[in-house]
Amino acid sequence: MEPSLLERYRSDRRKLLNFLLSSGLIKQVRTPSGCSTSTPYLDLDALSSDYVLDCIKSGGVLDIFEASRKYHEESFYPVMIHSQSRNVYFLLSDCNSSGPPPQRAPPPRYWTSNHTSCSSSQQNPLINENTGDEYVTKGARRPVKHLKPVETAMLSSFGLPFLNSGLSDDDLRESAYEILIASMAFAGVEVYFLEDRKKEKGSRILSRLKSKKDKGYSQSQLGERHEQLIDTIRIQMQISKAMDTCIRKSSMQFFTRTYEQIDIHQVLLGLLNGVLKYDFLNENSYMRWKRRQATVLEELLCSSADLSTTDLLTLKNLLSKIKHGKEWESMSHYDRSEAILSIGKIASKMSSRVGAQGGNIFQTEGYHVKLRLYERLLFAVFDILEEGKLIAEAEEILLLIKLTWSTLGITQKMHNALYGWVLFQQFLGTDDPTLLEFAILQVQKALAVQMNDEKEDSYISSLLCSCICGDKESHLGLLEAIFFSISIWCDSKLQDYHLHFSQNPSSFKKVVTLALAVETPSIEGCSLEVSNCNYLNKFAKQKLKTYVQGSVKAAYKRVAYTIDVKPMTERTNPLVLLANELKLMVEKELAVFCPVLHDWFPAAGIISASMLHQLYGERLIGEISRPIILDWVIAQHEHILDWTGRAFELEDWEPLSLQQKQAASVVEVFRIINETVDQFFRLDLPMHITHLQALLSVIFHSLDTYLLKVVNLLVDKHHLFPSIPPLTRYEETAIPIIKKKLVENPVLDEFTQNKLKDLSISKLCVILNTLQYIQKQLDLLEDGIGKSWSLVKRHPSWTEEEPPRTLETAQALWDESAELFVATFNSIRDCTGDAIRKFSDFTGLRVVFWDLRDSFLLCLYRGGVEGARLDSVLPHVDSVLNHVCGLVDDALRDIVVLSVCRGFLEGYIWVLLNGGPSRAFSESDVVSMEDDLNMFQDFFVADGEGLPRSLVHQEAKLAQQILSLFSLQTETIIRMLMFAGENISTTSESRTHRPDCLEDSHTLIRILCHKKDSEASKFLKRHYQLPSSSEYEDATTQESILGSPFISDLLKRSAKFHWTEKGHSSFRLIKKKFQKATHGIRE
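From a predicted model like this one, the values you see are computed outputs, not experimental measurements. (Residues numbered from 1 in each chain as written. Predicted model: local features only at pLDDT ≥ 70, side-chain atom pairs only at ≥ 80, totals over all residues. Heavy atoms only, no water.)

Draft legend 1. The arrangement of the overall build of the chain in detail. Counting secondary structure elements, the chain contains 43 helices and 11 strands. Buried residues in the chain amount to 50% of all 1083 residues. Across the chain, contacts joining residues at least 24 apart in sequence account for 77% of those joining residues at least 6 apart. (Helix = DSSP H or I, 4+ residues; strand = E, 2+ residues; numbered from the N terminus. Buried < 20%, exposed > 50% of the residue type's maximum accessible area, 1.4 Å probe, protein only. Contact = heavy atoms within 4.5 Å.)

Draft legend 2. Focus on helix 10 (residues 309-323). Here helix 10 is 15 residues long and its end C-alpha atoms lie 21 Å apart, about the 21 Å a rise of 1.5 Å per residue gives. Of the surrounding elements, those touching the buried residues of helix 10 are helix 8 (264-274), helix 9 (283-301), helix 11 (327-330) and helix 12 (333-349). (Expected span 1.5 Å × (residues − 1).)

Draft legend 3. Region of the structure containing the pattern of salt bridges. Enumeration over the complete set of coordinates arrives at 29 salt bridges. Between Arg292 and Glu174 there is a salt bridge; the shortest N-O distance is 3.1 Å. Residue Arg292 is found in helix 9, and its partner Glu174 is found in helix 4 (residues 169-186); the two are separated by 118 residues along the sequence. Taken individually, Arg292 and Glu174 each receive the classification buried, so the pair is uniform in this respect. Residue Asp779 is joined to Arg829 by a salt bridge in which the shortest nitrogen-to-oxygen separation is 2.9 Å. Residue Asp779 is found in helix 28 (residues 761-794), and its partner Arg829 is found in helix 30 (residues 807-851); the two are separated by 50 residues along the sequence. Each member of the salt-bridge network shares a partner with another, and the members are Glu174, Glu178 and Arg292. (Salt bridge = Lys/Arg side-chain N within 4 Å of Asp/Glu carboxyl O.)

Draft legend 4. The packing of aromatic side chains, seen in detail. One pass over the full model with this rule turns up 25 aromatic pairs. Considering the side-chain rings of Phe648 and Tyr706, the 5.8 Å spacing of their centres and the 90° angle between planes classify their relative orientation as edge-to-face. Of this pair, Phe648 sits in helix 24 (residues 604-649) while Tyr706 sits in helix 26 (residues 689-711), and the two are 58 residues apart along the sequence. Residue classification places Tyr706 among the buried positions, given a relative accessible area of 1%. Measuring from centroid to centroid gives 6.1 Å for Tyr861 and Tyr908, while their planes differ by 70°, and the two rings are edge-to-face. (Phe/Tyr/Trp six-rings, centres within 6.5 Å; stacked < 30°, edge-to-face > 60°.)

Draft legend 5. Region of interest: a nonpolar patch on the surface. Among the surface-exposed residues, Leu620, Ile624 and Ile628 lie close enough to one another that they form a single nonpolar patch of about 260 Å² accessible area. In this fold, Ile628 is placed in helix 24. For Ile628, a relative accessible area of 49% corresponds to the partly exposed category. (Patch = residues over 30% accessible without salt bridge, like charges linked within 9 Å, V, L, I, M, F, W, Y side chains within 5 Å. Areas by Shrake-Rupley, 256 points an atom, 1.4 Å probe, with all protein chains shown as cover.)

Draft legend 6. Region of the structure containing the packing of helix 13 (residues 367-378) against helix 16 (residues 412-430). Their axes nearest at 10 Å, the elements helix 13 and helix 16 cross at an angle of 60°. The orientation of helix 13 relative to helix 16 falls into the category oblique. Here helix 13 runs over helix 16; the crossing is right-handed. Contacts between helix 13 and helix 16 pair Leu371, Tyr374, Glu375 and Leu378 from the former with Met414, His415, Leu418, Tyr419, Trp421 and Val422 from the latter. Grouping the amino acids of the contact of helix 13 with helix 16 by side-chain chemistry returns 8 nonpolar, 1 polar and 1 charged. (Axes fitted to C-alpha atoms, helices over the stretch in contact; angles between N-to-C directions. Parallel < 35°, antiparallel > 145°, perpendicular 65-115°, else oblique. Left-handed = near helix turned anticlockwise from the far one by under 90°. Nonpolar A, V, L, I, M, F, W, Y, C, P; charged D, E, K, R; others polar.)

Draft legend 7. Just unusual backbone geometry, in detail. The phi dihedral of Asp431 falls on the positive side, at around 60°, and the residue is not glycine. Inspection of the secondary structure assignment puts Asp431 in the loop between helix 16 and helix 17 (433-448). Of note in this structure, Tyr861 is not a glycine but carries a positive phi near 60°. Along the chain, Tyr861 turns up in the loop between helix 31 (853-857) and helix 32 (874-885). Relative accessible area serves as the criterion here: at 0%, Tyr861 is assigned to the buried category.

Draft legend 8. Region of interest: the packing of helix 21 (residues 508-518) against helix 23 (residues 574-597). Two numbers describe how helix 21 lies on helix 23: the axes approach to 10 Å, and their chain directions differ by 30°. In terms of their interaxial angle, helix 21 and helix 23 are classed as roughly parallel. The two elements helix 21 and helix 23 cross, and the hand of that crossing is right-handed. On helix 23, the residues touching Phe508, Lys509 and Val512 of helix 21 are Phe593, Val596 and Leu597. Grouping the amino acids of the contact of helix 21 with helix 23 by side-chain chemistry returns 5 nonpolar, no polar and 1 charged.

Draft legend 9. The arrangement of the pairing of strand 8 (residues 465-469) in detail. Burial along strand 8 is one-sided: the face carrying Cys465, Cys467 and Cys469 is buried and the face carrying Ser466 and Ile468 is not. Across 5 bridges, strand 8 lies against strand 9 (residues 472-476) in antiparallel orientation. Paired with Cys469 across the strands is Lys472, a residue of strand 9. (Pairing = 2+ DSSP bridges.)

Draft legend 10. Region of interest: the state of the cysteines. Scanning the entire structure with this criterion turns up 0 disulfides. No disulfide involves Cys765; its sulfur sits 8.5 Å from the nearest other cysteine sulfur, which is in Cys885. Assessed through its relative accessible area of 0%, Cys765 is described here as buried. (Disulfide = S-S within 2.5 Å.)

Draft legend 11. A look at the environment of Asp758. Position of Asp758 relative to the elements: it lies in helix 27 (residues 750-758). Residue classification places Asp758 among the partly exposed residues on the basis of a relative accessible area of 44%. Distance from Asp758 to Asp652, taken between C-alpha atoms, is 9.9 Å for residues 106 residues apart in sequence.

Draft legend 12. Looking closely at the environment of Tyr556. Here Tyr556 is to be found in helix 22 (residues 536-564). Given the relative accessible area of 0%, Tyr556 is considered buried.

Draft legend 13. Region of interest: the confidence of the model for the chain. Here the chain shows a mean pLDDT of 77. Residues at 70 or above account for 74%. Every residue in residues 521-534 is under pLDDT 50, and counting partners more than four places away or in other chains gives 29 contacts. The low-confidence segment residues 1036-1083 (pLDDT under 50) makes 73 contacts with residues lying over four places distant or belonging to another chain. (pLDDT = per-residue confidence, 0-100.)

Draft legend 14. Quick look at helix 13. The end-to-end C-alpha distance of helix 13 is 16 Å, a good match for the 16 Å that 12 residues give at a rise of 1.5 Å each. Across the 12 residues of helix 13, 12 count as buried, placing the element largely inside the fold. The complete set of buried residues in helix 13 reads Tyr367, His368, Val369, Lys370, Leu371, Arg372, Leu373, Tyr374, Glu375, Arg376, Leu377 and Leu378.

Draft legend 15. The side chain of Gln636, seen in detail. In this fold, Gln636 is placed in helix 24. A relative accessible area of 15% means that Gln636 is categorised as buried. With residues near it in sequence (within four places) discarded, Gln636 still touches Thr676 and Gln679.

Draft legend 16. Main features of the environment of Leu300. Along the chain, Leu300 falls in helix 9. Linking Leu300 and His368, residues 68 residues apart in sequence, is a C-alpha distance of 8.5 Å.

Okay, here's the thing in structure tokens:
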């Protein structure tokens, strides 16, 4: 027979991998046992060819584990090739003989890591491929198609411990078949048949295998029947004919009634001792089979807590010899037998045995492997070609499977529970109600079995499984774990039975029966026990009540959501539509579900009807109350705005107390807002997101109105700056001339003057404290509203009117409310922060350009640098800072001090560039001026207790650069000015007090105007015709400045304000430096 295209593909793939691995392109192979430079015996069908090629390209290091993982990932997709037309894929079965496709939708997939350590689609090692396949054995006749087991797509976990050795589903399936054949041979069943051999004796268990239809069988007919059943099991478990023959032959030779019973390790060790590589035509096939036996033994034995360290090392060493390398094959038959005997002795020593009924002995060691093997045997009763369908020989096969009970440690109760679990899994994959009936029957049998033997009870309870109950992991016995896993699924369906059983009501009663049968009510800390008849009725009523309430609530939410998302094109009121839908729901509840629930819970219909009545009533109240709440919020908005305006008009901007430095009006505003918020959440009415939006809108507009009124108190800072004197050139003259007067400051209008007068330093500090108070209260207000809103969302009157929330919709709702909070409060914070910056900047400029204008701007360097240094001004600055820091909140201290620092630097630059005819600086003066600037920086740094030095240095950078221009030669400045190539106006309106660029013509010409240098004077006279400084009179004298009433008052107040230890100690050292100078002035 000509091989198929898929068979040729597989054969070519093996040849390719064999060539790559033997060509020397792979420099290193990493295996679980370590690294090697030689290629060990590898399962080529379990390696990804793409990964091998990538390893060769990247350096030749092959990781066997990663290659196997990649292969298993790729095995989930069909094998494909690229043709000129389209992609072609291969089917795993013959589509012509498989019949028509199923009409129903495919079942969902259930994945688990507890039953399978890795998915494997590898072929049986003894499959005979007639196309050059390397996996062949002697006596093999024809290939067996590899069919993916039905159960792998639907297995879910009941919490068996994980497999640590990497056993795959195929490994477990093949090992389970070997255990079955060995157990049958041990029980005396004929498992190896030869056509020319006479039947020497009948089976010892004929009586157990005979059914009513078998009673007429003769001994020869029974032998033929056994062979038929074994062949059926082989096909069901997808075992090749060649491997089946090998296993049967070895079992008949080695497994006889020489022991009371046989364990798994005895079966595996017997096969290892009896099956030789000469039974295989290919060494790789034998190595893979042998490695599987060793892996199962490793999983069974090496996880035992009773194993000593010496025995563990010995066991791992012996198993490693079996699994890897050629050492095992190089050993003599005697040495191999001794090694197998050593493994058997270790296994016998570590057995933890518990007596059970019937004189059987069971071992708890490796129970997670044994139970998985038994599951694979139970799946053999389902047709591999027709998903979820029991084969005709199911009952007879179950009798044969029962022969493995003593080997796998299975009791009648455990069999019933495990078989019920397997039937339940098949039901999940097919939705066949017949399978669900069979599962219920097996569960009821398991619950009905009486365990009179305490040892058997202890044995079953010791087979622990891990189950998650809430957020806590619990360890349950085998039966409890199976029932608990089934009950989780039942609960998930019955909590919304309107959704899951409306189209299939026939399964509803069966699922309810199963749920009540397996229900494991939780006791403290999720300690679970199987239900018993003593409290079943009471517990059933409570459980069914939970189902009714949960399902009615979920169905109501779905209906409400459907109506809410409908386009509002119909004129029918949504409440009318909702009432009609709920009427249909009640009719279906009474006609379909209540008759079933009535058997256990007669009040089910009353509860469902009353719940729907309550839910509709709450929706009705919510619809009526929605506009009422909005009207109330609007009314409160008007009330708050009116009260805010009244409180602001009465504000005199005096602090409440020494501790509470904010104004009284802002406290009143927040009191009204908090009262409104409390009243809003005490309404005890269904709330909607629009209500929260309305409340936040009221808060925003109320505080925004208050902030706007506060900001309107400010005056344009340009009104603080003095007029810029005319540009002059320095010149000394002894000839008396008529001198011109300097430009006087413009007279401000009365309104501006009154606002400036009202904005005293004290009031500015109180306003800043008020703004800071708003920032603090915003955090408290936001947290309070957020907590109250979360409580409202959990309130039944709110949640019942909302649609059902999936993860996405719930997140969208949360995001919507979170966006409202962020948009509202962050906007208010931004407005408040902007107002703080404005008032802080204004405070610094007012201190310098208004309050200290005479003592600083008009005094510093007037008439000469040496006679009017900065040290004569710093005492005034010290007094002002004392006064300011004593008034502002501690959180604002650095901000205000920095604004004063910036203000003084602005004034210092004004003196350098716009000082007028009375100021001229020579090159020798620059050194003193630089000392003054450094002194100024040290003053605000205050030996590390004031502002950060880096910040002060950055702020003073512009002033330092201007001073550096004064130190340049006049010729250099003139060249820079000529290079700038711009015309300069000599009017005072042509320039502000602060330069935009150090090298522009406006800045450079002012440097020349204030330079005490004849060459600069000649240049300015020749090119710009500027008048000399001697033509202007200097009416202000030093004495008149120091005698200013403002300065006198300020110096008197400075004695009253002292730096606190926390906020003002940074300036003590500087005050000591100027005590002498200040003493003279104070007197």
